[in-house]
Each structure stands twice: as C-alpha cells, then as structure tokens.
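Structural overview
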Amino acid sequence: LPGLRNQAAMAQRKYRTRDGETITIRGAAVEDVPRLLQIWQKTADEGKYIATERVGEDFRGRLEGRVADRDTLVAVAEHRGMIVGSLTLYQYYGNLNKTKRVYSLGMVVLKGYRSIGIGSSLMDYAIRWARHKGIRKLSLEVFSTNEAATHLYRKFGFEVEGTRKGQFQIAGRYVDEVIMGLFLSARPRHQATGRGETLGRRAARTGRRPGPGI
Ligand SMILES: CC(C)(COP(=O)(O)OP(=O)(O)OC[C@H]1O[C@@H](n2cnc3c(N)ncnc32)[C@H](O)[C@@H]1OP(=O)(O)O)[C@@H](O)C(=O)NCCC(=O)NCCS
C-alpha cells in the first residue's frame, strides 16, 4: 500500500480490562514469535475454536514473515508483561492486486483471559491500524458454534455474508463455517445479488454500450 506508514508507526495503546487491569496492545516483534506460537497451539489444542490443528514449521514461517511485513499487522496483548492474546491482519489472498485492500483477520486470547475485554481491545487496535492503512474491508471465517467470537465480531459491526454448511466436523458434529465482513470504507454500490444484471441489460437500461468486459 504505497505511501502508508508501517506497523511500527502505530504506537502501543493501553486499555483497561473488565476487572480493572491495564493491558497493552502493540505490534509484535520477532522475539514474541515463540510465545505467539504457544498461544496458537494451546488454542488449537482446545479443538473447537480454530481450524488450525498443528502449529508447525509452516505456521512459524508464516508468522515470522507477517511480523516482518510492514503491510501486515501482528498485534499482541500484554497483561502484566505476559502475552495473552494476538490478532493478525493480512492480505486476504496474499499479494493479489485484486484484493489489495481486503484483509483477513485471525485472533486468539489465551484461555483464562477471555471475556474480560482483551479481544475487544485487540479489535479496536486492529481497526485503527486498518483505517490508518486505508484498508477497505476486513474478512473472516468463524465456526457457527463459536458464540463469543461471533458476539465480538457483531459488536464491532461485522455482518454475516455467507455460510458454508457442514464445512467442519468437530467432536462428532457437523459445524457450519460462517463468513463475516466489515467494510471500513464505503460499501460497493452494486453488490452481487446472485441475479446480476447482464452487460446487455445494463446497456439497454443506461443507454451505454457494454465495455470491453472484465
Ligand atoms: C474470540 C476471542 C478471541 C474473544 O476474545 P475475548 O477476550 O474473550 O473478547 P472480549 O472479552 O472482548 O469479548 C467477548 C464478548 O463475547 C461475550 N461472550 C462470551 N462468551 C459468550 C457466549 N458463550 N455467548 C455469547 N457471548 C459471549 C462476552 O460477554 C463479550 O461480550 P461483551 O463485550 O459485549 O460483554 C476469545 O474468546 C478466544 O480466543 N476464543 C478462542 C479462539 C477463537 O475463537 N478465536 C476466533 C476464531 S474465529
């Protein structure tokens, strides 16, 4: 994203948890990676919140790349000097120009630290960063059974955009994958409805000839 400042340009921010503790949200440094891997692995081990199962070498490589990448956010939440949560924003399809300003979101808060506002603090920080970067849209996927996460996303304005039915199997049950999105800049005026107007019809309506196509 040309002309935009990097992650380090955004200072750390202090937030207060519901039980009156102060937490700090800041961009991650490479030294934080081992602790971040632990948090993700612990959450993966709970088995029901995230698709990831093994936080292996590929995960480490991706995370290290993201920490170093100024167009990606890896935010950490620190509570009494310990990292207890993290949120990552990264370009949805990697480096495609077509989705350059659409970012994907992933987040975890360590068990034992949930429901006291740490996730909300991470989200507030991330949305500030995303606005600062000129990001147009945040996208995420969440299991239909994940009530706390869904509640948090809705609270910040994310809307359901679609559902993949029975996409996952968790503890012997089929679970839907819910796709959610949050527009940070103006929502596109003509959203696909599934019954899109053909170019020929549009030409008839507007009197303009169809362009060269997409
Ligand atoms: C989702 C997650 C990151 C949220 O972080 P958090 O620190 O718990 O978030 P907060 O405390 O700021 O907010 C949680 C909200 O969910 C609510 N909540 C908690 N459990 C809930 C439940 N079972 N049903 C409905 N709402 C619930 C809380 O009351 C709070 O809402 P409020 O701010 O309106 O009171 C955290 O729960 C987590 O790490 N879960 C496991 C990993 C995960 O699910 N990651 C996201 C995958 S898409």
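This report concerns the structure included in the present document.

1. Thoughts on helix H2 (residues 57-68)
For H2, with twelve residues, the first-to-last C-alpha span of 17 Å sits near the 16 Å given by 1.5 Å per residue. Turning to H2, the residues buried within the fold contact helix H1 (33-46) and strand S3 (73-79).

2. Some details on the site of the ligand
By nearness alone, 24 residues border the ligand, and Val 109, Ser 120, Asn 146, His 151 and Lys 155 come closest of all. Met 107 has a polar backbone atom sitting 2.9 Å from a nitrogen atom of the ligand. A distance of 2.7 Å separates an oxygen atom of the ligand from a polar side-chain atom of His 151. Within the complex, 79% of the 960 Å² of free accessible area of the ligand lies under protein. Elements with a contribution of two residues or more to the shell around the ligand: strand S5 (102-109), helix H3 (118-132), strand S6 (137-143) and helix H4 (147-155). At seven residues, H4 tops the list of elements feeding residues into the shell around the ligand.

3. Some words on the sheet that holds strand S4 (residues 82-91)
Backbone hydrogen bonds are what pair the strands of a sheet, in a parallel or an antiparallel way. Spatially, eight strands are ordered S1-S2-S3-S4-S5-S6-S8-S7 in an open sheet, and the strand pairing comes out mixed. Two strands lie at the open edges of the sheet, namely strand S1 (13-16) and strand S7 (159-170), each paired on one side alone. On average, each strand axis in the sheet is tilted by 25° relative to the strand beside it, whichever way the strands run. With seven bridges joining them, S6 and strand S8 (residues 173-183) adopt antiparallel strand pairing. Residue pairing across strands places Leu 140 opposite Met 180, the latter belonging to S8.

4. Describing the pattern of salt bridges
Between side chains of opposite charge, a pair can form as their charged atoms come close. Applying the stated criterion across every chain yields a total of ten salt bridges. With its nearest N and O atoms 3.1 Å apart, the salt bridge here joins Lys 137 to Glu 161. In this pair, Lys 137 is assigned in strand S6 and Glu 161 in strand S7, connecting sequence segments 24 residues apart. Owing to a relative accessible area of 39%, Glu 161 belongs among the partly exposed residues under this scheme. Here the residues in one salt-bridge network are Arg 26, Asp 32 and Glu 78, joined through shared partners.

5. A few points about the side chain of Thr 72
Looking at the secondary structure, you find Thr 72 in the loop between H2 and S3. Of note is the side chain of Thr 72, whose polar atom sits 2.9 Å from the side chain of Asp 69.

6. Topic: the pairing of strand S2 (residues 22-27)
Examined bridge by bridge, S1 and S2 share four bridges and lie antiparallel to one another. Bridging across to S2, Arg 16 finds its partner in Thr 22. The antiparallel hairpin formed by S1 and S2 contains five residues in its connecting segment, where Gly 20 sits at a positive phi of about 85°. As judged from the five bridges shared by S2 and S3, these two strands associate in the antiparallel manner. Residue Thr 24 lies in a different strand from S3, and its bridge partner there is Glu 78.

Parameters and conventions
- Residues numbered from 1 in each chain as written.
- Predicted model: local features only at pLDDT ≥ 70, side-chain atom pairs only at ≥ 80, totals over all residues.
- Heavy atoms only, no water.
- Helix = DSSP H or I, 4+ residues; strand = E, 2+ residues; numbered from the N terminus.
- Expected span 1.5 Å × (residues − 1).
- Contact = heavy atoms within 4.5 Å.
- Near = heavy atom within 4 Å.
- Polar contact = N/O pair within 3.5 Å; in protein donor to acceptor, adjacent residues only side chain to side chain.
- Areas by Shrake-Rupley, 256 points an atom, 1.4 Å probe, with all protein chains shown as cover.
- Pairing = 2+ DSSP bridges.
- Axes fitted to C-alpha atoms, helices over the stretch in contact; angles between N-to-C directions.
- Salt bridge = Lys/Arg side-chain N within 4 Å of Asp/Glu carboxyl O.
- Buried < 20%, exposed > 50% of the residue type's maximum accessible area, 1.4 Å probe, protein only.

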